[in-house]
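# A structural walkthrough
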Amino acid sequence: MKKLLFLIAVLLLAANAKAQMYVGGNVGIASYDNGDSKKVVYSLLPEVGYTFNENWAAGVVVGWSKGNLSSQGNLRVDDDRLTRTFEISPYARYTFLNAGPVDIFCDCSAGYRHYNGDGDQLSIGLKPGLSLNLNGVFSVVAHVGFIGFQEYNPSGNQKSVDIWGMDFDSNNISLGVYYNF
């Protein structure tokens, strides 16, 4: 049995000899004035992942944010109610076009977000993106939009909100930097 486990471990290491890890994520901060007071919103979304080959990778985003909560469970700056969130979102990434330093990919993700005192949100869907590989170590990664399902469950006796569809507005763009090793 030990020899079989050792053989499987060696085969997995050999198959993934070209694999690499990456760390990075997104950071955002904004300040706005709603007429009565000035408020600051922020997000810190670190990410870690593992690239299996040219086409496949897997990773997870774990992060925190502070912002305004709309009635649909999205963070917006048009509401006076500030809330803090915690989120975790594992994903599988498929890169379907490698064009020199540019990779075009799509993440299939399942996410959970907890709004302190306001409820929880579950999501599953696709996040298209683009990666600009600056050199062998650094990459700039952009995600544009979301296609899928989101369910927001508010605290208390309020009804949950289910959202199916696509969201490609300018508020749903993220830009991050990865360090590949």
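Structure shown above.
The text that follows walks through the structure, step by step, so that each part is easy to find. (Residues numbered from 1 in each chain as written. Predicted model: local features only at pLDDT ≥ 70, side-chain atom pairs only at ≥ 80, totals over all residues. Heavy atoms only, no water.)

## What about the overall build of the protein?
Secondary structure assignment for the protein yields 1 helix and 11 strands. Along its sequence from the N terminus, the protein presents helices and strands in the succession α-β-β-β-β-β-β-β-β-β-β-β. In the protein, which comprises 181 residues, the share counted as buried stands at 31%. For the protein, restricting intrachain contacts to residue pairs at least 6 apart in sequence, the fraction spanning at least 24 positions comes to 51%. Here the protein has roughly 11100 Å² of accessible surface; of this, 64% comes from carbon and sulfur atoms. (Helix = DSSP H or I, 4+ residues; strand = E, 2+ residues; numbered from the N terminus. Buried < 20%, exposed > 50% of the residue type's maximum accessible area, 1.4 Å probe, protein only. Contact = heavy atoms within 4.5 Å. Areas by Shrake-Rupley, 256 points an atom, 1.4 Å probe, with all protein chains shown as cover.)

## Some thoughts on the pattern of salt bridges
For the structure shown, the criterion picks out 3 salt bridges. Across the salt bridge formed by Glu 47 and Arg 93, the nearest N and O atoms sit 3.7 Å from each other. Of this pair, Glu 47 sits in strand 2 (residues 38-51) while Arg 93 sits in strand 5 (residues 82-99), and the two are 46 residues apart along the sequence. Since its relative accessible area comes to 7%, Glu 47 is described here as buried. A salt bridge links Glu 87 to Arg 113; the nearest nitrogen and oxygen atoms lie 2.9 Å apart. (Salt bridge = Lys/Arg side-chain N within 4 Å of Asp/Glu carboxyl O.)

## Some thoughts on the side chain of Asp 103
Along the chain, the position of Asp 103 falls in strand 6 (residues 102-115). Buried Asp 103, no salt bridge; nearest opposite-charge side chain is Arg 93, N-O distance 8.1 Å. Side-chain polar atoms of Asp 103 contact the side chain of Asn 133, separated by 3.1 Å. When residues no more than four places from it in sequence are discounted, the contact partners of Asp 103 are Thr 95, Leu 97, Asn 98, Gly 129, Leu 130, Ser 131 and Asn 133. (Lys, Arg positive; Asp, Glu negative; His and termini not counted. Polar contact = N/O pair within 3.5 Å; in protein donor to acceptor, adjacent residues only side chain to side chain.)

## Let's talk about the pairing of strand 11 (residues 173-180)
Here strand 1 (residues 20-33) runs beside strand 11; their pairing, made up of 4 bridges, is antiparallel. Across the sheet, Gly 24 pairs through a bridge with Tyr 178, a residue of strand 11. Bridge analysis of strand 8 (residues 138-144) against strand 11 gives 7 bridges, and the strand direction is antiparallel. For Ala 142, the partnering residue across the bridge sits in strand 11 and is Leu 175. (Pairing = 2+ DSSP bridges.)

## Side note on the packing of aromatic side chains
Applying the stated rule across the entire model yields 8 aromatic pairs. Considering the side-chain rings of Tyr 115 and Tyr 152, the 5.7 Å spacing of their centres and the 85 degrees angle between planes classify their relative orientation as edge-to-face. Here Tyr 115 is found in strand 6, whereas its partner Tyr 152 is found in strand 9 (residues 146-154), with 37 residues between them in sequence. Measuring from centroid to centroid gives 4.6 Å for Phe 149 and Trp 164, while their planes differ by 45 degrees, and the two rings are tilted. Residue Phe 149 is located in strand 9, and its partner Trp 164 is located in strand 10 (residues 161-167); the two are separated by 15 residues in the primary sequence. (Phe/Tyr/Trp six-rings, centres within 6.5 Å; stacked < 30°, edge-to-face > 60°.)

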